[in-house]
Amino acid sequence: MFLFILLSYYLEANIRSKQQISDEGYTSGTSIGILEPLCICSSRTLLTEESKKAVMTQTVGTIQIASLAKEKRGHFKIGVPCPKGMWPAVTQLRPAANGILLPDAFIKISQLWPDGSIKWLLCEGLIDLQQHSASEEIVLTLDPVESGSPSKTLSPPVINNDEALLLSLGNGETLTINKARPFDFSNSTHFFSSIDIVDITPQSIIPVAFSYALHCNNNEYSALTVEQKYEISLGSDKKLIVETEASIFLNTGTVCGHVTMRNPSAASHPNGKWDLGDPNSIYLKECCISLTGQSLESTLTLNSEVFSSSEHAELTLHQASSGYGNWQSPVHVNKDNVNSLPFRGFKLYQSDRLLLSGDQAQPQITISNSGSTFSIHVDKFWQNFPSSAQLSANTLSVSLLGSRHSECTELQPGEQKTRCISIAPFEMQSLQVVIDSAWLKNASVLPFLPSKPCEFDSLIKSGIEGPSSFFQKRLDIDEFGWRHFGELYADHEKALAPDEPFFVSHYNNQYDPIFGMLTQWLLSADARWFELADDLAKHVADIDVYHTSDDKPEYSGGLFWHTDHYVQAYTASHRTYSKHQPTGVYDDHAGGGGPGGQHCYTNGLTLHYLLTGYTPSRDAALSITQWVTNYYEGDGTFVGALLALKNSDIPGVKNVKTGKYPLDRGTGNYLQARLDRYELQGCDSDIEAAAYIIAHTVSPTDDLDQLQLDNVEATWFYTVFLQAVCRFISLKEQRCECDSSYQYAVDSLTHYANWMAVNEYAYLDKPDILEFPNQTWSGQDLRKLCVLHFASNYLTEAQRTLAEQKAEQLADTIYQRLSTSTETSTTRVLCLMMQNGHYSGFKKAPRPLLKNEIQKSQALAENPSSLSFLLTHLIDLSPSKERKQLVKRFPQLQKLLGKP
């Protein structure tokens, strides 16, 4: 498979240059694979040939145009699933829109099937909108180049030296990428850009990583992608990590990318409270992108009015709040638990003179000199307030985080913010591609995606329409601003305080609404579902994940819980526990803690990355997976092993004495995360680990009466684990692996499914045994339908009849209860329906393997004794790792032993 990948990169002319950091500091690496790539010769013509082209060309989606008011070009970026075996990894593909080849576009492989064919690819490019009308449906097709086509050699349009990357553009100009600073791009005649921090002079800017890749399309180099990472020292032991990623289209020099700003420090979280005002927070007036140049004139269009820096000297646009009626909501409290937003909406000034004010600013900003005009766009300007733009002679700046005209923005330890940026020599529109339904079905990359609507779709639709839609819930508590935008309001938590005008509770992706919304989008093609999913994924990847490696292993890199049940967030923001919250609100109320294994959701982030190529989603999914792996398996240190032995009998963690994992949602989500990492990285070790987890959690011989599955409050989440087992079985079937781990998983699943067919019932049939008998239980009942439908494919005829009858009875009861309840439109119930309502997909997914098809033995590792467990960690003991473990776990030791 490695050779397949290597050869495909060669033929795609992906030229990569890596810069690494040595022990002595930043050193310039050499280019890897500076090849004279083979490119296919063909003319740029309409793909209208009816012969073999019609057979070869594949329709993969449609492109939606919002309007054609000003924009001359449109930018799109879409992940495309591909059927197994259709295109080998060496296949060159050319994208086209309505039969017109797209010269400003490129394709790269994201993932391969086990047979080496393409499973997911990423297609990004620009479309000339002047060739299309707003009402026109633009069909996106992929055309494989025939293997026998003529070829020619191209010279790379890039010069790579120690200081910079010089890129020759199709218009004869040169774009220079400075390696010393983030997003430092300079056009030879017009401008140079940079990322700046207002009111702070960095003590140092240290390059950490730099890489680039050239992409070839239709006999021409079409684009270059570049990734950068920097560590910026701010003084007082504070540092800011800045990562950038950009696609540069060579014909015009158009830049489309994103910038991530991260505080990598660990939080102090005294007594398990995570309030704003942490001593390791970074306070910033503003991080911005700046563009400067000689005779540079900046123009701002706002509410159809045009303002020019040449006419108004210096212009200042300040978006201070959302501009909606609830802009003074307590969701916006600062570390003092006070909402200090200065005014509603935005104001535009010239010096101190007010020119314009309003609610939501959606600025269109251009810069001009030497007869050329460039459009500058920072995505979601008003939604990520406080935001600002400064326009003056020869200089333009647009904020990415914070505003110099608001109070300082607090970037908490382990928190980051990512903003999308584009710089183009024309007005540009962001385009959405809807994957063709027939193509999606044929690709079969999402085995549980149903082929038909379900009865719960009408209920789920209240998430995008009506008075309880997720859009309306944003307005209810003003879930806007750079830290909050995209988050879901957990309105179900208001149950014990229905008269509170603002009950601030954040949802933090419980039951994976990212995945649920993306599923709804793929099934319905309704852009509103994608909008919600995209906003939420970006929020979760930045804010809800703890971006540090300097805290204890069971916290570092993890996903924060939702706001604690039935209490408000106060100054905890999106970190669950606040010192202002009351205690003893419900049974076993912890009132403090941190990221925990029971709250782990990676399916949506993984799918979001595969569909969009948005790397922060991928990185967040991988971070969560490593964290939850450390949570259950430890970090490999002797100190960690001792603690694991000490905690072996605590519910919810792995018992290292017996090797058993708890049969609960945490282990189920852990299993899902390992399978997601396999999808992202393709390492068989994650499949082997998944098999081990299953073998040490359930068994085909389990005494289910002894497990007391009728104790619902303590065991309801066993179905979460069984759903993950279904996915493992499906993946093994995709890989045609009928080995011992596959058979063990099937036998264990059917053992539990047979018990369910006889004993399970709708939870609210017995409300007296439930602490809170609400419709969340009906949402959880949907999981039983998924398990029973999937497992029925492996049962005997008599057993299958029982399972299907039970599933039908449960479905009728669940629908009757949810369709008549006002709770159905609350966030938690909606998310459970989105995650589990399409249970018919579980019925169609299985492809049972016969034992004689493939017999690949896979030994299941035995669990070591407690003594050998400790000895293994003692033999591998590293003093450096042990020191880091100690100072992370006991910060008071840092004065003696140093920081992690």
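Before reading further, recall that the structure is shown in the block above.
Remember, it's a predicted structure, so these values are computed and weren't measured experimentally.

Visitor: Help me understand the sheet that holds strand β36 (residues 432–435) in this model?
Guide: Sheets are built from strands that pair by backbone hydrogen bonding, the pairs being arranged parallel or antiparallel. One open sheet accounts for five strands, arranged β8-β7-β11-β5-β36; its pairing is antiparallel. Of all strands in the sheet, those with a lone pairing partner are β8 (100–101) and β36, marking the two edges. In terms of strand pairing, strand β7 (residues 93–97) meets strand β11 (residues 138–144) through five bridges, oriented antiparallel. Across the sheet, alanine 97 pairs through a bridge with leucine 140, a residue of β11.

Visitor: What is the right way to read the pattern of salt bridges from this model?
Guide: Side-chain pairs of opposite charge can arise where the charged atoms are in close proximity. Considering all chains together, one arrives at 33 salt bridges under this definition. Arginine 474 is the salt-bridge partner of aspartate 535, the closest N and O atoms lying 2.9 Å from each other. Pair noted here: aspartate 535 is in helix α8 (residues 527–544) and arginine 474 is in helix α6 (residues 470–477), with a separation of 61 residues, a long-range link. Across this residue pair, the class does not change: aspartate 535 and arginine 474 are buried. The network of salt bridges with common partners includes Asp684, Lys732, Arg735, Glu737 and Asp739.

Visitor: Would you mind showing me how to read empty space enclosed by the protein here?
Guide: One way to see where empty space is left: roll a probe the size of a water molecule over the atoms. Summed over all chains, the structure comprises six cavities of 30 Å³ or more. The calculated volume of the largest cavity comes to roughly 720 Å³. If you go around the largest cavity, you meet 37 residues; those closest to its centre are Phe448, Phe515, Asn603, Gln672 and Arg727. Listed by contribution, the elements that provide at least two residues to the lining of the largest cavity are α7 (513–524), α9 (603–612), α12 (665–681), α15 (718–734) and α19 (827–836). With six residues, the top contributor of residues to the lining of the largest cavity is α15. Of the residues that constitute the lining of the largest cavity, the class distribution is 18 nonpolar, 13 polar and six charged. By volume, the second largest cavity amounts to about 160 Å³. Lining the second largest cavity are 14 residues, and of these Lys380, Asn384, Lys417, Thr418 and Lys538 lie nearest its centre. At the level of secondary structure, the elements contributing two or more residues to the lining of the second largest cavity comprise β34 (416–424) and α8. For the lining of the second largest cavity, the leading source of residues is α8, giving five residues.

Visitor: Is there a simple way to explain a negative patch on the surface in this structure?
Guide: There is a patch of like negative charges on the surface, built from Asp587, Asp588, Glu713 and Glu771. Along the chain, the position of aspartate 588 falls in the loop between α8 and α9.

Visitor: Is there a simple way to think about the side chain of threonine 629 in this case?
Guide: Secondary-structure assignment places threonine 629 in helix α10 (residues 615–633). On the basis of relative accessibility, which here comes to 10%, the residue threonine 629 falls in the buried class. Within polar-contact distance, the side chain of threonine 629 engages the backbone oxygen of threonine 625 at 2.7 Å. Setting aside chain neighbours within four positions, we find threonine 629 in contact with Gly634, Tyr670, Arg674 and Arg677.

Visitor: Would you explain the state of the cysteines in this entry?
Guide: When the sulfur atoms of two cysteines share a covalent bond, that bond is a disulfide. Considering all chains together, one arrives at zero disulfides under this definition. Between cysteine 256, a cysteine without a disulfide, and cysteine 420, which holds the nearest cysteine sulfur, the sulfur-to-sulfur distance is 9.7 Å. Between cysteine 683, a cysteine without a disulfide, and cysteine 600, which holds the nearest cysteine sulfur, the sulfur-to-sulfur distance is 18 Å.

Visitor: Honestly, the packing of aromatic side chains in this entry has me stumped. Any pointers?
Guide: Scanning the model with the defined rule gives 32 aromatic pairs in all. On the numbers, 4.2 Å between centres and 25° between planes, the contact of phenylalanine 448 with phenylalanine 842 is stacked. With phenylalanine 448 in the loop between α4 (437–443) and α5 (457–460) and phenylalanine 842 in helix α20 (residues 840–844), this residue pair connects regions lying 394 residues apart in the sequence. The interplanar angle of 75° and the centroid separation of 6.4 Å between the aromatic rings of phenylalanine 456 and tyrosine 839 together place this pair among those described as edge-to-face. One end of the pair, phenylalanine 456, is in the loop between α4 and α5; the other, tyrosine 839, is in the loop between α19 and α20, with 383 residues separating them in the sequence. Relative accessible area serves as the criterion here: at 9%, tyrosine 839 is assigned to the buried category. Each residue in the set Trp627, Tyr631, Tyr632, Tyr661, Tyr670 and Tyr692 is aromatic and connected to the rest through ring pairs, giving one cluster.

Visitor: How do you make sense of the nonpolar core when you look at a structure like this?
Guide: Across soluble globular proteins, nonpolar side chains show a tendency to be buried alongside one another. Judged by nonpolar contacts, the single largest core of 145 residues is most densely connected at Leu121 and Phe456. Here the element with the most residues in this core is α15; it accounts for 10 residues. Beyond its immediate chain neighbours, meaning those up to four positions away, phenylalanine 456 contacts Leu782, Ile814, Tyr815, Leu818, Met833, Gly837 and Tyr839. Counting residues in hydrophobic clusters, the runner-up holds 61 residues, among them Phe210, Cys216, Ile282 and Ile543.

About the thresholds
- Residues numbered from 1 in each chain as written.
- Predicted model: local features only at pLDDT ≥ 70, side-chain atom pairs only at ≥ 80, totals over all residues.
- Heavy atoms only, no water.
- Pairing = 2+ DSSP bridges.
- Helix = DSSP H or I, 4+ residues; strand = E, 2+ residues; numbered from the N terminus.
- Salt bridge = Lys/Arg side-chain N within 4 Å of Asp/Glu carboxyl O.
- Buried < 20%, exposed > 50% of the residue type's maximum accessible area, 1.4 Å probe, protein only.
- 1 Å grid on protein atoms, 1.4 Å probe; cavity = no way out; pocket = protein on both sides within 12 Å on 5 of 7 lines; lining within 4 Å.
- Points joined across faces, edges and corners; volume = space filled by probe spheres on them.
- Nonpolar A, V, L, I, M, F, W, Y, C, P; charged D, E, K, R; others polar.
- Patch = residues over 30% accessible without salt bridge, like charges linked within 9 Å, V, L, I, M, F, W, Y side chains within 5 Å.
- Areas by Shrake-Rupley, 256 points an atom, 1.4 Å probe, with all protein chains shown as cover.
- Lys, Arg positive; Asp, Glu negative; His and termini not counted.
- Charge placed at Lys NZ, Arg CZ, Asp CG, Glu CD.
- Polar contact = N/O pair within 3.5 Å; in protein donor to acceptor, adjacent residues only side chain to side chain.
- Contact = heavy atoms within 4.5 Å.
- Disulfide = S-S within 2.5 Å.
- Phe/Tyr/Trp six-rings, centres within 6.5 Å; stacked < 30°, edge-to-face > 60°.
- Core = buried A, V, L, I, M, F, W, Y, C linked by side-chain atoms within 4.5 Å.

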